[in-house]
Amino acid sequence: MSVISSVHGRQVFDSRGRPTVEVEVGLDNGVVARASVPSGASTGTYEAHEARDGDMDVFDGLGVLSAVGHVNGEIAAALRGRDPGDQRGCDTLLRELDGTATLARLGANAVLGTSLAVCRASAVASGQPLYRRIAELAGVTAPTLPMPMVNILSGGLHAGRGMDVQDFLAVPVAATSVLEAIRLVARVRASAAEVCAERGLPTLLADEGGLSPGCRTGRDALELFCAAVERAGLTPGMDIAIAIDVAATALFDPATGEYHLRREGRRVGTAEMIETVASWVDDFPVLSVEDALDEEDWAGWRTLTERLGGRVHLIGDDLFTTNPRRLAQGVQQGCANGVLVKLNQNGTLSGTLDVVAAATAAGYVPVVSARSGETEDDFLADLAVGTAAGQIKVGSVRSSERLAKYNQLVRIAEDRTLRFSPLPVPGLEPAQ
């Protein structure tokens, strides 16, 4: 049995050029594996704590040398001699070492980087593809290739608030393979740029590689989206469905209890926000809506779910923050029917796998997701396959930190025993 012989952290940089943590785990048999940690712009209150140095003279306070120090100090000392195959034991040790519910002492970035590197090292040591090792840990007997949800138009905190709604994504429901899915969404992405240019709209890139056209309303953006699909020679709803990330917590004004739609110049309450989302679902081929309401608007979420839960996927991101207690509360109250799964919201691989298992058991749709500040690490692709989540959301088909995940899915798809996940949704059946 191989054991952990070294744990080494370093400060590297994410897709925004901001510091982040990378961890290398070495085993006594010579295996070395590394993992790096992403960071979000639109963050939920209940996410695990990301440790930053706070020295405004160095990277505007965003340095992570304190977290790196914890990796090279306490974490390395605690894990040395441990079995890398005991993922849950290692993750439990890390949480106990930190001693806080949100990993605030050592930093979730320090803990997660270590957790993922341990998993990758154990996969290499056992001669397994990473997705097979993750499936083993998750108790999944049939890993599957996920359906991509791909950014086309962006606003909110991903694009300087150029639009109120954060993201409009393409879901290639007609695709029967990963390669076909990427081919279809690449056509839509290119066509969207052409339509924007023709209409005199900006074609600047947002954080996740989508276009930032600055549409005044969500309806304007949806009409532009459908025009792009048609320009690509495809049919909205039959070939390409739409996923929307409202990121409503960033729109919510707790002082007034209203959602401030700045681009539209109006403020709305929960009921009107639900009506707005319902009108989009009525009039456009919308497959899923993420964070349609504020993270604490539990009553509103319940009403929204009663209204639309039988028609579309209602995904909780800020609502759940990959937190088992938040998810349990949502299930108990009948809020949402899906959960966005982000490793760095939870803080360990084992904890994240527990959330996926709880969501699946409750009949909630899991969507494995990247962050707006990503790295070249492609762990997420293996996570989506190994957990059989069915859907993956990593950004647009632009920028190397996004394409690293898509390219890894292409590699994994060479395993012909893996099935590609269709997304059967009433009214949005894939073309035959």
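Residues numbered from 1 in each chain as written. Predicted model: local features only at pLDDT ≥ 70, side-chain atom pairs only at ≥ 80, totals over all residues. Heavy atoms only, no water.

### Focus on the sheet that holds strand E6 (residues 167–171)
In a beta sheet, neighbouring strands are held together by backbone hydrogen bonds and run either parallel or antiparallel to one another.
Then, in step 1: Pairing is mixed around the closed barrel formed by 8 strands, whose spatial order is E5-E6-E7-E11-E12-E13-E14-E15. Shown here is a sheet whose adjacent strand axes are inclined to one another by a mean of 30 degrees, direction ignored.
Then, in step 2: Examined bridge by bridge, strand E5 (residues 147–154) and E6 share 4 bridges and lie antiparallel to one another. In the sheet register, Ser154 faces E6, and the bridge partner there is Asp167.
Then, in step 3: Contacts from helix H5 (residues 178–198) reach E5 and E6 within the one sheet, and its direction differs from that of E5 by about 5 degrees. (Pairing = 2+ DSSP bridges. Helix = DSSP H or I, 4+ residues; strand = E, 2+ residues; numbered from the N terminus. Axes fitted to C-alpha atoms, helices over the stretch in contact; angles between N-to-C directions. Contact = heavy atoms within 4.5 Å.)

### Digging into a nonpolar patch on the surface
Then, in step 1: On the surface, Phe13, Val58 and Phe59 cluster together to form a nonpolar patch covering roughly 250 Å² of accessible area.
Then, in step 2: Note that Phe59 resides in the loop between strand E3 (32–36) and helix H1 (65–79).
Then, in step 3: What makes Phe59 partly exposed here is its relative accessible area of 37%. (Patch = residues over 30% accessible without salt bridge, like charges linked within 9 Å, V, L, I, M, F, W, Y side chains within 5 Å. Areas by Shrake-Rupley, 256 points an atom, 1.4 Å probe, with all protein chains shown as cover. Salt bridge = Lys/Arg side-chain N within 4 Å of Asp/Glu carboxyl O. Buried < 20%, exposed > 50% of the residue type's maximum accessible area, 1.4 Å probe, protein only.)

### Examining the environment of Leu184
Then, in step 1: Tracing the backbone through its elements, the reader meets Leu184 in helix H5.
Then, in step 2: Here Leu184 falls in the buried class, since its relative accessible area comes to 5%.
Then, in step 3: Beyond its immediate sequence surroundings of up to four residues, Leu184 is in contact with Pro172, Ala175, Leu234 and Ile240.

### Re the pairing of strand E11 (residues 286–290)
Then, in step 1: Counting buried positions along E11 yields 5 of 5 residues, so the element is predominantly enclosed.
Then, in step 2: As paired strands, strand E7 (residues 241–245) and E11 are joined by 4 bridges and run parallel to one another. Bridge assignment links Ile242 to a residue of E11, and that residue is Val286.
Then, in step 3: Pairing geometry for E11 and strand E12 (residues 313–316), over 3 bridges, is parallel. Residue pairing in the sheet places Ser288 in a bridge with His313 of E12.
Then, in step 4: Between the parallel pair E11 and E12, the chain is carried across by helix H8 (residues 298–308), and the sense of this crossover is right-handed. (Right-handed = clockwise from strand over helix to strand, strands pointing away.)

### A few points about the pairing of strand E13 (residues 338–341)
Then, in step 1: Of the two faces of E13, the one holding Gly338 and Leu340 and the one holding Val339 and Val341 are both buried throughout.
Then, in step 2: In the sheet, E12 pairs with E13 via 2 bridges, with the strands oriented parallel. Bridging from a neighbouring strand, Ile315 pairs with Gly338 of E13.
Then, in step 3: A crossover links E12 with its parallel partner E13, the connecting element being helix H9 (residues 324–333), and its sense is right-handed.

### A few points about the side chain of Arg189
Then, in step 1: Within the fold, Arg189 resides in helix H5.
Then, in step 2: Glu194 provides the closest opposite charge to the buried, unpaired Arg189, separated from it by 9.7 Å.
Then, in step 3: Excluding anything up to four places from it in sequence, Arg189 contacts Asn151, Ile152, Leu205, Gly209, Gly210, Leu211, Ser396, Val397 and Arg398. (Lys, Arg positive; Asp, Glu negative; His and termini not counted.)

### Concerning helix H13 (residues 400–412)
Then, in step 1: Counted at 1.5 Å a residue, the expected span for H13 with its 13 residues is 18 Å, and the 18 Å between its end C-alpha atoms agrees.
Then, in step 2: Here the buried face of H13 lies against helix H4 (130–138), strand E4 (144–145), E5, H5, helix H12 (379–386) and strand E15 (391–393). (Expected span 1.5 Å × (residues − 1).)

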